[in-house]
Amino acid sequence: VPRQYISQIDPSVAERYEGGMADPAALTIDNADGFARLFKNIPSADSVDAFFTFQVDTEGGNPFMGSGRLDGLGIPPDFFADEHVRKAFSYAFDYETFIEDVFLGEATQRTGPIISGHIGYSPDQFVYPFDMARAEEEFRLAFDGELWDTGFFMTLLYNSGNEQRKVAAQILEEGIESLNPGKFLITVQGVTRRTYITQIIQSRLPLFFLGWIEDYHHPHNWATPYVASTGTFAAWQSFPEDLSAQFDSLVQECVTLLGEDARVCYEKLQRTAMENAVDIFLVQALGRHYE
């Protein structure tokens, strides 16, 4: 049941279990006359994140970048190649509101490419908090100080009907526009899923929202799509050569290691991704199952 609709079925829940198993100790009777059973807070192996495109494809024109220049009416193709811009966007996202409004509090903020439940994940890993003062500091440093005075305009897309991505885009819009009113302008636009995915694959969206569900339970299945040059997301993001080479080396090294060596290696990969703000790492949700 998509989370935006659970209010329609929750009144019909008779038995509710906290966790993934029908443990009598975790049972609560919500509505004795109900017909459904609910398992809540099930550990998941999926994520929701926002991805920066470091070099946007502009061949034939690109309507999502305005003028295509840093002139207050658009953004240049390498807008997110500026580390200060990426960090500013990461600080300007209200993670707590996203978790509460979209996931009903049933999610945690991500700490990098690798989810909890794997070696390489650490709850003590640095994350970008929602900090508007820090966001402003980073924006004032971007493009050698030019961005703050000049301003920018860009369009954020989401696939219509996907409430998670729509709200994420709106949270970014609200946070960033409020930092520099009249100068920082973002339009949020819904499109068909086919259009959305096509534009992502062609590296035509400056920033896009997607999620990952692991194929096999190993941190390599998270490191590869997020940071390897052949990875699903990283290949569309057009990382600069030096950063791409650094990540490829780490991915290739980590997968050959075991035990403590593997943990240290994957934690380094996790840190490197966060320090470089290659994505806005959003949430790892807890699951719900109705029957």
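Here goes a summary of the coordinates provided.

What counts, and at which threshold
- Residues numbered from 1 in each chain as written.
- Predicted model: local features only at pLDDT ≥ 70, side-chain atom pairs only at ≥ 80, totals over all residues.
- Heavy atoms only, no water.
- Salt bridge = Lys/Arg side-chain N within 4 Å of Asp/Glu carboxyl O.
- Helix = DSSP H or I, 4+ residues; strand = E, 2+ residues; numbered from the N terminus.
- Buried < 20%, exposed > 50% of the residue type's maximum accessible area, 1.4 Å probe, protein only.
- Pairing = 2+ DSSP bridges.
- Axes fitted to C-alpha atoms, helices over the stretch in contact; angles between N-to-C directions.
- Parallel < 35°, antiparallel > 145°, perpendicular 65-115°, else oblique.
- Left-handed = near helix turned anticlockwise from the far one by under 90°.
- Contact = heavy atoms within 4.5 Å.
- Nonpolar A, V, L, I, M, F, W, Y, C, P; charged D, E, K, R; others polar.
- Phe/Tyr/Trp six-rings, centres within 6.5 Å; stacked < 30°, edge-to-face > 60°.
- Expected span 1.5 Å × (residues − 1).
- Disulfide = S-S within 2.5 Å.

## Description of the pattern of salt bridges
No. 1: Counted by the stated rule, this structure contains 14 salt bridges.
No. 2: In this structure, the salt-bridge partner of arginine 110 is aspartate 49, at a minimum N-O distance of 2.9 Å. Placement of arginine 110 in the loop between β5 (107-109) and α4 (132-141) and of aspartate 49 in strand β4 (residues 46-52) is noted, with a sequence separation of 61 residues between them. Like aspartate 49, arginine 110 is buried.
No. 3: Residue arginine 263 is joined to glutamate 260 by a salt bridge in which the shortest nitrogen-to-oxygen separation is 2.2 Å. Separated by three residues within a single helix, arginine 263 and glutamate 260 lie in helix α11 (residues 259-275), roughly one turn from each other.
No. 4: Under the relative-accessibility criterion, arginine 263 is labelled partly exposed at 28%.

## Some remarks on the sheet that holds strand β1 (residues 13-18)
No. 1: Taken in spatial order, the four strands of this open sheet run β2-β1-β3-β10, and their pairing is mixed. Edge positions in the sheet fall to β2 (27-29) and β10 (287-290), since each of these pairs with one other strand and no more. Put simply, the sheet's adjacent strands are angled 20° from each other on average, direction ignored.
No. 2: As paired elements, strand β3 (residues 36-42) and β10 share three bridges and run antiparallel to each other. Its bridge partner lying in β10, phenylalanine 39 is registered against histidine 289.

## Some words on the packing of helix α2 (residues 83-91) against α4
No. 1: One can describe the packing of α2 onto α4 by two numbers: an axis separation of 8 Å at closest approach and a directional angle of 160°. Of the possible angle classes, the one that applies to α2 and α4 is roughly antiparallel. Between α2 and α4 lies a crossing whose hand is left-handed. Each of His84, Lys87, Ala88, Phe89 and Tyr91 in α2 lies in contact with α4, whose residues at this interface are Arg134, Ala135, Glu138, Phe139 and Leu141.
No. 2: In the contact of α2 with α4, the residues fall into six nonpolar, one polar and three charged.

## Some thoughts on the packing of aromatic side chains
No. 1: Counted under the stated rule, the structure contains 30 aromatic pairs.
No. 2: For the ring pair tyrosine 17 and phenylalanine 39, a centre distance of 5.3 Å and an interplane angle of 15° mean the geometry is stacked. Separated by 22 residues along the polypeptide, tyrosine 17 in strand β1 and phenylalanine 39 in strand β3 bring together distant segments of the chain.
No. 3: Arranged with centres 5.4 Å apart and planes meeting at 85°, the rings of tryptophan 148 and phenylalanine 184 form a pair that is edge-to-face.

## Examining α11
No. 1: If you check α11, its first and last C-alpha atoms are 24 Å apart, about what 17 residues at 1.5 Å a residue would give, namely 24 Å.
No. 2: For α11, every residue scored as buried is listed here: Ala262, Cys265, Tyr266, Glu267, Leu269, Gln270, Thr272, Ala273 and Met274.
No. 3: At its buried positions, α11 is contacted by α8 (220-227), α10 (241-254) and β9 (279-285).
No. 4: Downstream of α11 by one or two residues, alanine 277 has phi in the positive range, about 50°.

## Side note on the state of the cysteines
No. 1: Taken as a whole and assessed by the stated rule, the structure comprises one disulfide.
No. 2: Across the disulfide, cysteine 254 is cross-linked to cysteine 265 (sulfur-sulfur distance 2.1 Å). Taking the sign of the S-S torsion, about -90° here, the bridge from cysteine 254 to cysteine 265 comes out left-handed. Placement of the pair is cysteine 254 in helix α10 and cysteine 265 in helix α11, with a sequence separation of 11 residues.
No. 3: With relative accessibility at 1%, the residue cysteine 254 sits in the buried group.
No. 4: Taking relative accessible area as the criterion, cysteine 265 reaches 5% and is therefore assigned buried.

Limitation: the analysis is restricted to geometry and does not speak to function.
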